[in-house]
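# Observations on chain architecture
Each chain, letter by letter, is given below.
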Amino acid sequence: MEEFHKVRRLPPYVFEQVNRLKASARAGGADIIDLGMGNPDLPTPKAIVDKLCEVVQDPRTHRYSSSKGIPGLRRAQAAYYARRFGVKLNPDTQVVATLGSKEGFANMAQAITAPGDVILCPNPTYPIHAFGFLMAGGVIRSIPVEPDDSFFPPLERAVRHSIPKPLALILNYPSNPTAYVATLDFYKEVVAFAKKHDIIVLSDLAYSEIYFDDAPPPSVLEVPGAIDVTVEFTSMSKTFSMPGWRMGFAVGNERLIAALTRVKSYLDYGAFTPIQVAATHALNGDGSDIAEVRSIYKRRRDVLVDSFGKAGFDVPPPAATMFAWAKIPEKFRHLGSLEFSKLLVEKADIAVAPGIGFGEQGDDYVRIALVENEHRIRQAARNLKRFLSTADETMHNVISLNAHRS
C-alpha cells in the first residue's frame, strides 16, 4: 500500500533500529546500559510533585485548561526571562505555553510555513527542527552548526541562491546533539543578518540551564531588537527533570506568537491545569533545584570523559547540555554511526544515539546521553574497553575493520 504523502517525506527513523536491537538484547537477558535517548532519569523535585498533588484535589482543575497557558504560568515564564536574561516580555502577547518545546516547534512550522518555503536548518540538529517543517510542506537547506566565522558565508549563499528566499533560520544553542554554545556576539550577528534579509529566527533554548563552566548560555532575545524577528522555545523537561509532564514555552515576537497561539487553539486544550500550576511553582522557586540538576550532570560528564577516555574512546567534554558528541574511533569510522551504534549494543551492552539520526553531517559521530548514574557510566566504560581491546581478534570474521565506507 502506498505511503501517505507526508509520511513519504520523512526518512526512516534510524533510532528505531537501535531501539529494536536494544529491546531484543534485553529480552535475551543482556544488561544494556542505555546512553541513547535523552530521557532524564532524575526525579522531578518533591516540591513540584507536591504542588501537583495539592492542586489535583480540586475538581475545578479537572476541566479543559487554557491552550495558551494559564495567566500565572505565563507571568512566571516572563519573570524567569527578566531574572535570567534581562529580557522584558508581555505575558499576554509574547508568551505562550507549549506541550514541550518539540510541540511548539512543530506547531510553529504549521503556523508560518507555505508549501515550498525554504528553511535554513543546522546539520546535524535535533530532528524536529527539520522534520516539523518538512511535514508542513517546507524545504530544508542545511547550514553549519558551529557558531563561529564559518557559520555566516553559507547563510549568505543560501539567500542568494534560494528561490523563494528563505523564510526562517533555526538556531539551537546549547546544541543538541553537538553541545556547542553560542555567545552574545554571535547572536548579534545573527539578528543583524535576519533583519537585513527579512528572515525569521527560531531559537531552541531547551538547555539554557544545563551548563558546566560558570558561563550561563545567553538568549538571542538579549540582543536589542531581536524580538522584532525572533521566537525562542524553552522546556522544563531537563531544567526541572519534568520530561513526561510535557511543559514548555514559546516567547518573543507578538505576530509570531499570535500565529502559534491561533494554530494551537484549534489543535489542543493545553496541558492539564494542575501541571501548569506546578510548573508555575517551579519557575517561581529559588533556583536550588536547577543548581542540583546541573551539578549531577556535571559529575556524570566528568566521569564519562575520564572513564571512556581511559577505555580508548576520546569524548570531548561538553560545556553544556546533557549530551556528549563524540567522534567514532577511527578504526570503526568507515562503518558509519548506525552500524557502530549497533556494534556497541551487540558487543559492549551499551546503547548510544547514531549521529546520522541528526543529519548526514553527523554520521562520523555518536551522541552519548548522561542519563545513567556514575556507577553505570563506569560500567559502560569497562564494557567498552573490553570490546575495543579485543575487536581485532573477535571481529575479523564479522566485518573488515580496514574497509572504507562508500
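Residues numbered from 1 in each chain as written. Predicted model: local features only at pLDDT ≥ 70, side-chain atom pairs only at ≥ 80, totals over all residues. Heavy atoms only, no water.

## A closer look at the overall build of the protein
For the protein, the count of helices and strands is 13 helices and twelve strands. Considered along the principal axes of its C-alpha atoms, the protein spans approximately 65 × 55 × 50 Å. Taken across its 406 residues, the protein has 55% of its residues classed as buried. Roughly 18100 Å² of accessible area belongs to the protein as shown, and the carbon and sulfur atoms make up 53% of that amount. (Helix = DSSP H or I, 4+ residues; strand = E, 2+ residues; numbered from the N terminus. Buried < 20%, exposed > 50% of the residue type's maximum accessible area, 1.4 Å probe, protein only. Areas by Shrake-Rupley, 256 points an atom, 1.4 Å probe, with all protein chains shown as cover.)

## Some points on the sheet that holds strand β12 (residues 365-369)
Strand order across the open sheet formed by three strands is β9-β12-β11, with antiparallel pairing between neighbours. Only two strands of the sheet have a single neighbouring strand rather than two, namely β9 (323-327) and β11 (353-354). In the sheet, β9 pairs with β12 via five bridges, with the strands oriented antiparallel. Paired with W325 across the two strands is R367, which belongs to β12. (Pairing = 2+ DSSP bridges.)

## Notes on the side chain of S175
The residue S175 is located in the loop between β5 (168-172) and α8 (184-197) in this model. Apart from the residues lying within four places of it in its own chain, the contact partners of S175 are V145, Y180 and T321. (Contact = heavy atoms within 4.5 Å.)

## Notes on the UniProt feature "domain: Aminotransferase class I/classII large" (unreviewed entry) in the protein
Residues annotated in UniProt with the feature "domain: Aminotransferase class I/classII large" (unreviewed entry) correspond here to residues 31-382. Along residues 31-382 the backbone is 40% helical and 14% strand, and the end-to-end C-alpha distance reaches 13 Å. (UniProt positions renumbered as here; feature names shortened; annotations may be inferred.)

## Observations concerning the domain arrangement of the protein
Annotation of the protein at the domain level lists domain 1 (3-41 + 287-387) and domain 2 (46-282). Contact with domain 1, which involves 28 residues of that partner, is made by 30 residues of domain 2. When the two sides are added together, the surface that domain 1 and domain 2 hide from each other amounts to roughly 2700 Å², 65% of it contributed by carbon and sulfur. Contact with domain 2 buries area across many residues of domain 1, yet R9, R294 and T321 alone supply 23% of it, more than any other trio. (Domains from an automatic or database assignment. Buried area = accessible area lost by both parts, 1.4 Å probe.)

## With respect to empty space enclosed by the protein
The full count for this structure, using the stated rule, is two cavities of 30 Å³ or more. Of the voids in this model, the largest cavity is the one considered here, and its volume is about 90 Å³. Around the largest cavity, the lining comprises 13 residues; the ones closest to its centre are Y80, T234, S235, T239 and L283. Residues of the lining of the largest cavity, tallied by class, amount to seven nonpolar, five polar and one charged. Taken as a whole, the second largest cavity encloses approximately 40 Å³ of empty space. In terms of lining, the second largest cavity is formed by S66, S67, G69, A97, T98, L99, M247, K264, G270, A271 and Q276. (1 Å grid on protein atoms, 1.4 Å probe; cavity = no way out; pocket = protein on both sides within 12 Å on 5 of 7 lines; lining within 4 Å. Points joined across faces, edges and corners; volume = space filled by probe spheres on them. Nonpolar A, V, L, I, M, F, W, Y, C, P; charged D, E, K, R; others polar.)

## Description of helix α5 (residues 100-112)
When the terminal C-alpha atoms of α5 are compared, their 19 Å separation across 13 residues agrees well with the 18 Å that a helix rising 1.5 Å per residue should span. All of the buried residues in α5 are G100, S101, E103, G104, F105, N107, M108, A109 and I112. (Expected span 1.5 Å × (residues − 1).)

## Focus on the layout of surface pockets
Where empty space is left becomes clear once a probe the size of a water molecule has been rolled over the atoms. Of the voids in this model, the second largest pocket is the one considered here, and its volume is about 290 Å³. R83, G285, D286, G287 and I290 are, among the 19 residues lining the second largest pocket, the residues nearest its centre. No other element matches the four residues that helix α11 (residues 288-311) contributes to the lining of the second largest pocket. Among the residues making up the lining of the second largest pocket, the classes are represented as eight nonpolar, five polar and six charged. In terms of domain composition, the lining of the second largest pocket takes at least three residues from each of domain 1 (3-41 + 287-387) and domain 2 (46-282).

## A look at the sheet that holds strand β6 (residues 200-204)
Sheet strands associate in pairs through backbone hydrogen bonding, adopting either a parallel or an antiparallel arrangement. As summarised here, the arrangement of the seven strands in space is β2-β8-β7-β6-β5-β3-β4, forming an open sheet in which the pairing is mixed. Two strands close off the open sheet at either side, each with one partner strand: β2 (95-98) and β4 (139-143). Between one strand axis and the next, the sheet turns by 20° as a mean value, whatever way the strands run. Note: strand β7 (residues 230-235) against strand β8 (residues 248-252), five bridges, orientation antiparallel. Residue pairing for β8: E232 is matched across the bridge by V251. Here helix α7 (residues 152-161) sits on the sheet and contacts β3 (118-122), β4 and β5; the angle it forms with β4, its principal contact strand, is near 150°. (Axes fitted to C-alpha atoms, helices over the stretch in contact; angles between N-to-C directions.)

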